[in-house]
Structures are given as C-alpha cells and as structure tokens.
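# Examining the three-dimensional arrangement
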Amino acid sequence: FIFYIILHSQSTFEYQRSWGTYLGPIGGKSHTYIFNGDALFFDSQNNIYTKGYIEPIAGNPVSYYQQYSLGGGQNFQFGPDSYSTINFYTKFNSAGTLLSYQYHQNLSNIPGSYTKELLHIDQSDNKYFQFKITASTAPPIPITTASWNPSVGEFILAKYDSSDNLLWATYLPSAVRM
C-alpha cells in the first residue's frame, strides 16, 4: 500500500512536457557566467531565450562549434587560454524550433571581439543587453549621442526593440557589471 502511494504520487505532475531538445555543442553551460541574472527569458509570443557559455573541449575543431551558429553573432574562435569568455545566446519559438544560436566572445587575441549578454525582456518585447569590450576597443554598436562617455569604457548597456533594432546604447559608469 505504501509502495503504491509513492508511485502514484510521482505519476502526477503539475506540468506536461510538450517538447525537449539538446542545446549546442559539448561543453555548453546554460546559465549566466560573466554577468549576473537569469538564464531563461520569455517574450509575449512565448518565444524562449537562453544564454550561457562554452567551455571548449580540446580536440574539437572550430568547425564543430561553428555548425551550431544560426542567425547572427560572431564566428566561433578559440581563445588564447582556457579562461577565454565564449558566451552564447539562443532563441526558440514556442514549438521548440531553434531560431537563433549566436556566439559572442571577448577574446584578448581577437581585436574587436566582445561579449553580449541578455539581461531582460520587458512587456513590449524590448531586449536589454550588456556588452563587455576591451577598454582599447571601439564599441561594436553605436553609442547614443550625448550619453555618458568615460575615457575608458568596458561595459555598455543597450536596448533593442522587438525586431532587434538598436534603440539606444550607453556606457555604464563603472567597470562593475550589472
């Protein structure tokens, strides 16, 4: 009788899985690594956004990692050391179809590389991203005129509309990430 109760209680769940998938290459972690915050987001159309980072596995060629890239971002590159930052950002529709898988890497051996991380999606489906760049590197996006501009900026906050058009971008006033 006790055995039946345990099995019976485990067979009823509040939620029912409608789809599942593997996400990206071996070595991928689906959580925040560089910045703080959530790793799973939803917009008003129930699209699902994830973010995370890659710890490349020795022996896998660049082409192995690049095969997952879809819909923009940077080409996958190995960093100069095992501490290189290789973030990814994905978008699925509500049926589970992968719409985008983008790499955003801030690698000291690649001039102009940067990290881009999703921080928030608001009720109008605007997306807020934080960028990290090398202080001596030009920003990868235009900075809004008359915004705060430090002599050395490493972090940028940017807002994109629901169609992924840049609305504004500004440097953050310190080297402390959000």
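## Remarks on the overall build of the chain
Each helix and strand counted, the chain has 2 helices and 9 strands in total. Its helices and strands in sequence order give the chain the pattern α-β-β-β-α-β-β-β-β-β-β, from N to C terminus. By residue count, 39% of the 178 residues in the chain fall in the buried class. Partitioning the intrachain contacts of the chain with sequence separation of at least 6 by distance along the chain shows that 54% fall at a separation of at least 24. Entry remark: accessible area of the chain is about 10,600 Å², with carbon and sulfur atoms responsible for 54%.

## Re the nonpolar core
By size, the foremost hydrophobic cluster in this structure holds 15 residues, and its most contacted members are L118, F131, I141 and I156. Residue assignment for this core shows that the elements contributing at least two residues are β6 (114-121), β7 (127-133), β8 (155-160) and β9 (166-171). In terms of nonpolar packing, the next biggest core, distinct from the first, is built from 9 residues, F76, F88, Y103 and L107 among them.

## A look at the pairing of β6
Working note: regular strand, side chains alternate between the two faces of the sheet. Counted residue by residue, β6 has 7 buried out of 8 residues, so it is predominantly covered. Bridge count for β6 against β7 is 7 bridges, and the pairing is antiparallel. Across the sheet, Y114 pairs through a bridge with I133, a residue of β7. Here β6 hands over to β7 after 5 residues, with D125 in that stretch at a positive phi of 65 degrees.

## Focus: the packing of aromatic side chains
The tally for this structure, following the rule as stated, stands at 14 aromatic pairs. Between the aromatic rings of Y89 and F129, the centroid separation amounts to 5.3 Å while the plane-to-plane angle is 80 degrees, which identifies the pairing as edge-to-face. With Y89 in strand β4 (residues 85-92) and F129 in strand β7, this residue pair connects regions lying 40 residues apart in the sequence. The pair formed by Y89 and F129 is uniform in burial state, with each residue classed as buried. Here F129 and Y160 contribute two aromatic rings whose centre-to-centre distance is 5.4 Å and whose plane-to-plane angle is 85 degrees, an arrangement assigned as edge-to-face.

## Brief notes about the sheet that holds β6
Reading across from one edge, β6-β7-β8-β9 is the order of the 4 strands in this open sheet, with antiparallel pairing throughout. At either margin of the open sheet sits one strand with a lone partner, and together these are β6 and β9. Strand after strand, the sheet turns through a mean of 20 degrees between neighbouring axes, direction not considered.

## Observations regarding the confidence of the model for the chain
Mean pLDDT over the chain: 79, with 78% of residues reaching 70 or higher. In the predicted structure, residues 1-8 sits below a pLDDT of 50 and forms 0 contacts with residues beyond four places in sequence or in another chain.

## Some thoughts on the pattern of salt bridges
By the definition in use, this model includes 2 salt bridges. With its nearest N and O atoms 2.6 Å apart, the salt bridge here joins E117 to K51. In this pair, E117 sits in strand β6 while K51 sits in strand β3 (residues 48-54), placing the two residues 66 residues apart along the sequence. Under the relative-accessibility criterion, E117 is labelled buried at 3%. Overall, K51 belongs to the buried group, its relative accessible area being 2%. The salt bridge involving K127 is made with D164; its shortest N-O contact spans 3.1 Å. Taken together, the positions of K127 in strand β7 and D164 in the loop between β8 and β9 put the pair 37 residues apart, joining distant regions of the chain. For D164, a relative accessible area of 41% puts it in the partly exposed group.

What counts, and where the lines are drawn
Residues numbered from 1 in each chain as written. Predicted model: local features only at pLDDT ≥ 70, side-chain atom pairs only at ≥ 80, totals over all residues. Heavy atoms only, no water. Helix = DSSP H or I, 4+ residues; strand = E, 2+ residues; numbered from the N terminus. Buried < 20%, exposed > 50% of the residue type's maximum accessible area, 1.4 Å probe, protein only. Contact = heavy atoms within 4.5 Å. Areas by Shrake-Rupley, 256 points an atom, 1.4 Å probe, with all protein chains shown as cover. Core = buried A, V, L, I, M, F, W, Y, C linked by side-chain atoms within 4.5 Å. Pairing = 2+ DSSP bridges. Phe/Tyr/Trp six-rings, centres within 6.5 Å; stacked < 30°, edge-to-face > 60°. Axes fitted to C-alpha atoms, helices over the stretch in contact; angles between N-to-C directions. pLDDT = per-residue confidence, 0-100. Salt bridge = Lys/Arg side-chain N within 4 Å of Asp/Glu carboxyl O.

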